[in-house]
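Residue strings, one per chain:
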Amino acid sequence: MASAPKKDDFDVPEDEADLEELTDAEREELEDKAVAAATVSRTPEELQTEIKVLDRLLVKSLKVKTSLTYAKWDALRDTLDEADEMRDSTGARRKVIIFTEHKDTLDDLVGRLTNYLGRDDAVITIHGGTKREDRKKAKEIFEQDENCVFLVATDAAGEGINLHKNAHLLINYDLPWNPNRIEQRFGRVHRIGQPNVCHMWSLVAKDTREGDVYTRLLEKLDEQRAALGGRVYDVLGKLFEGNSLRDLMIQAIREGDRPERQRYLTEVVDAKVGDGIAELLEENQLVPSRLDESEIDEVRKQMERAEAARLQPHHVEAFFHKAFKDLGGNLRMREHHRYEIKTVPSDIKEHDRLTGYGAPIVNSYHRITFDPKYVRVLGNNHLATLIHPGHPLMSATMGVITDRHHEALRRGTILVDRADLNIEPYIVCLLEHDVTDGRVGRDGQPQIISRRAQYVRIDPGGTITALTQSPIPNLDAVTDEEREAAQAILKESWCQAADLGSRIVRHASSTVARDHVDAVTARTIERVAKTERLVRDRLTKEINYWDQRAFELREQERAGKKTRLPAEQIEQRAEALSRRLGRRLRELAKERDISARPPRVTGACLVITQGWIDARIDSEAAAHRAKETARIERLAVDAVLRVEKVLGHDATEMPHNNPGYDVESDTPNGLDFIEVKGRFEGGDNFVLTRQEAVTALNKGKHSVLALVRVLSDGSTTVRYLRQPITTPIDPRAARVEFDWEPFWNEAEEMDQQ
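The model shown is predicted, which means the values in this text are computed figures rather than measured ones.

**Structural notes on the nonpolar core**
Counting residues in hydrophobic clusters, the biggest one holds 22 residues, and the most contacted among them are Ile427, Val456, Ile458, Ile489, Ile504, Leu606 and Ile608. Breaking this core down by element, the ones donating at least two residues are strand S10 (413-417), strand S11 (426-440), strand S12 (446-458), helix H16 (480-490), helix H17 (493-496), helix H18 (500-510), strand S16 (600-609) and helix H21 (610-615). Those residues in contact with Ile608 that lie beyond four places of it in its chain are Leu415, Val416, Asp417, Pro425, Val478, Glu482, Ala486, Ile489 and Ile613. In terms of nonpolar packing, the next biggest core, distinct from the first, is built from 21 residues, Leu331, Ile348, Ile368 and Ile401 among them.

Here it is in C-alpha cells:
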C-alpha cells in the first residue's frame, strides 16, 4: 500500500500560489479532486480512525448546514435587513450581487435566500459550471426580472460579465486571498456608465488571524478610496503582485500569535496600500491617442451630422408598436413612454436563437422605452431597457417582419413626393450588401460582420445615383387614381429594362459596396493584428510558465518529494493552453478572411412627383412651375450663402437630394444645419418634410430655418429662425404644411452685404 502524504505536505508551498491563476471552473474541479483524495492516514488502522473522526465532523457540519442560523449567515441577513442602501426611497429592495468562493457555499446561500424572501424567482446564480450562453441569460434575467433581486455567484461572474446597468451593491460573502479577484468582482458594477454610487460589503471573521490581516487591508483601502476615489480599485490587483497577499495570509495563520510578526504583517499592508497606490495609478494611466486639431474637428463634425440624421424615438416607437402587435406581442403601458412586455412571441425568440448576437432575448421585460430620457425616471427605481434599431429585440422583430413580407418588398410599390415639382418620376431601390469572414454563424452560413443598406435612385435617362439618406420617410402613399395613372410609367422602357436589376447591382458593386468592403477590411485587419499579438504574447508567457512549473514538479517527484499537484496535471494545463493558442490563432485567421457578398435588391418603389401629377392636367404650366420653383430655390440658397459669408462662417451647400437640410455652416459654436425655404413675394405657406422636421428637432439651437422672400426683380430678403421645431410631428405624416407669416414675423432679418 502506498504511503499517504504527511500532514505537513498539505501546507501550500510558497511556489504554489500561482494556482490562483486558474479559472473559476478549474478551481472548482481542482478543489473537488483535492477533497476526494485527501487523507493523512498511513495504515489501515489510521484510516479507520480518520473515518470515525470524519463521521463526527460530518454530523457537526450537517447540523450547521441544516440549522436555521449561524454567524456568517446572520451577518449577511443583518446587512440585507439593516443597511440603508439595500432599499430605495419607496422601500423596495435593490438588486444585490453576492460573491462566494465555493460552489457548495453558493448552493447553501441559494436555499437560505430563497427561504428568506419566500419565493424561488428571487435568486439566480452564476458559477464555474454555468455555460457561457446560460451566463448571458442569467445576466439578462437579473437585469430584466424585477422579482429577481439576488445574483449569487462565484468568480465566474467576474469573467467578462458587466452588471452595472441594474446593480450597484455587492457583498463579498467569502473573501479571496488574491486581491485581483476583489478588483474583478467590484469591476462588475464599478464601471463607466454606472449612475449610482457603488457599495461593497466584505464579511470578515472577527478575532481571527486571517481576519486581522484582511480587516487592516480593507481599512487602508477605505482610507485611500476617500483620498483617490473609486480609482483605488483600478490597480488593487497590482498592489500585491505575485499573490503576496496570500503569503501574508499563510504567515498570519502560521505565525500570527507572535506580536512582532503581527506588527510586521500590518506594516506590510500599510506600505503596500498606503505608499504604492498613487504611483501605480500614475503608472497604469492610459496613454491617450493624440489627435491633431483638424482630426478632432472632423470627428466633432461627423458626430454632429450623425445626430442630425438620427431617427426620433417616436418614429422607432411607432414602428415597434405596430410590428410587435402584428407578431402577436403586446405592450402594456406602465409609465409615460415606458412599457412592460409580459411575454415575447415565440417567433421573435426563435429568430434570435438562430441569428441573434449580443445579449439574448428574455421571455419578458419589466420596463422598456424608446427614448433615452425615460431609461431612468426620477422617483422610479425600475431601470428601463432602451429599445433602438440595434437592440436584439428590435433586430429580431425587424427580421421576422422582413421574412414575412420579403416578397412584397421585392415586388415594390408606388409612392408620391408631394413636395417635388419636377415633372419626371423616378425609381428608388433598397440594396443590402454583406461583408463576411471565414467563421460560420449559427445558421451554418459564413458569419456576417457588417451589413449596410443603401438607397439608389434611377432616373428615366438611366442615371443611377447613390442617395446619402433614405427618401422614403418623406413620401406619401398614392391614391387609387394616382396608382392607376402610374401604371403607364411602369410600361415605359426604362422601367421595363430586363437588365435594370443587374445594372443596379453592378453599379453598387463597383461603388458603395466596394467602399464598404474596403472600410471593413482596413478596420478588421488592424484589430486582428493587434489582438493576435496580444493573445500570442499572453498565452506564450503562460505556456512557458506552466512548462517550467511542470519541469520543476517532475524533478521534485523524481527526488521522492511529495507535491500538492502532480507534474502530469500541470503538463496537461500547458498542453491545454497550447491548444487554446492554436485554436485562437486559427479563429483570428478566419476573421482576417474577409469577403463580400454581391449586393442584392431587397425593395423598390416607383416615385411619382407632384410635378408629374400636375403635368397630366397642364404639362406646360407644370413645367413652368417646376422651372420657376428651381429658380427661386437657387436664388434663396445663394442668398443664404451670402449671409453666412458675411457672418464669417464656412458654409457648404448640400447635394440637391439631401433630405434633411440645404446648407451646413461651420461656426465658432459648432455646425449649424440650415433648411432654406424660398418663396416668391406673396407666398402664403411652406412645407417641411418629415426628415427636415426630424433634423430640426434633433439639432435644437443648431437648427436654422432660413426664410427667403424673392421679389420680382430677383432681389431677396433673408430671415433666420433658430430652433424652429420644438415638438415631434406625427410619425405617420410625410410632410407638414405651415403658414408663412407667423414664422416670417418671428424670424430675425439677416444682412447679405
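Having seen it, we continue.
**Notes on the sheet that holds strand S8 (residues 365-369)**
In a beta sheet, neighbouring strands pair by backbone hydrogen bonds and run either parallel or antiparallel. Here we have four strands laid out as an open sheet, ordered S6-S7-S8-S9, and mixed in their pairing. The sheet terminates laterally at strand S6 (332-335) and strand S9 (385-386), the two strands that pair on one side only. Note: S8 against S9, two bridges, orientation parallel. Across the sheet, the residue bridging to Thr369 is Leu386, located in S9.

**Concerning the packing of helix H3 (residues 71-82) against helix H4 (residues 103-117)**
Packing of H3 against H4 brings their axes to within 12 Å, and their N-to-C directions diverge by 40°. Between H3 and H4, the angle is such that the two are oblique. Crossing of H3 over H4 shows right-handed handedness. Here H3 contributes Trp73, Leu76, Arg77, Leu80 and Asp81 to the contact with H4, which in turn contributes Leu109, Arg112, Leu113 and Tyr116.

**Topic: the environment of Ile126**
Structurally, Ile126 can be placed in strand S2 (residues 123-126). Judged by relative accessible area, Ile126 falls into the buried class, the value being 0%. It is 6.7 Å that separates the C-alpha atoms of Ile126 and Val152, two residues lying 26 residues apart in sequence.

**Description of the confidence of the model for the chain**
This prediction gives the chain a mean pLDDT of 80; 80% of its residues lie at or above 70. Here residues 1-18 is a poorly scored stretch, pLDDT under 50, and it has 31 contacts once near neighbours within four places are set aside; other chains count. Note that pLDDT drops below 50 for residues 280-290; the model gives that stretch eight contacts with residues more than four away or on any other chain.

Parameters at a glance
- Residues numbered from 1 in each chain as written.
- Predicted model: local features only at pLDDT ≥ 70, side-chain atom pairs only at ≥ 80, totals over all residues.
- Heavy atoms only, no water.
- Core = buried A, V, L, I, M, F, W, Y, C linked by side-chain atoms within 4.5 Å.
- Buried < 20%, exposed > 50% of the residue type's maximum accessible area, 1.4 Å probe, protein only.
- Helix = DSSP H or I, 4+ residues; strand = E, 2+ residues; numbered from the N terminus.
- Contact = heavy atoms within 4.5 Å.
- Pairing = 2+ DSSP bridges.
- Axes fitted to C-alpha atoms, helices over the stretch in contact; angles between N-to-C directions.
- Parallel < 35°, antiparallel > 145°, perpendicular 65-115°, else oblique.
- Left-handed = near helix turned anticlockwise from the far one by under 90°.
- pLDDT = per-residue confidence, 0-100.

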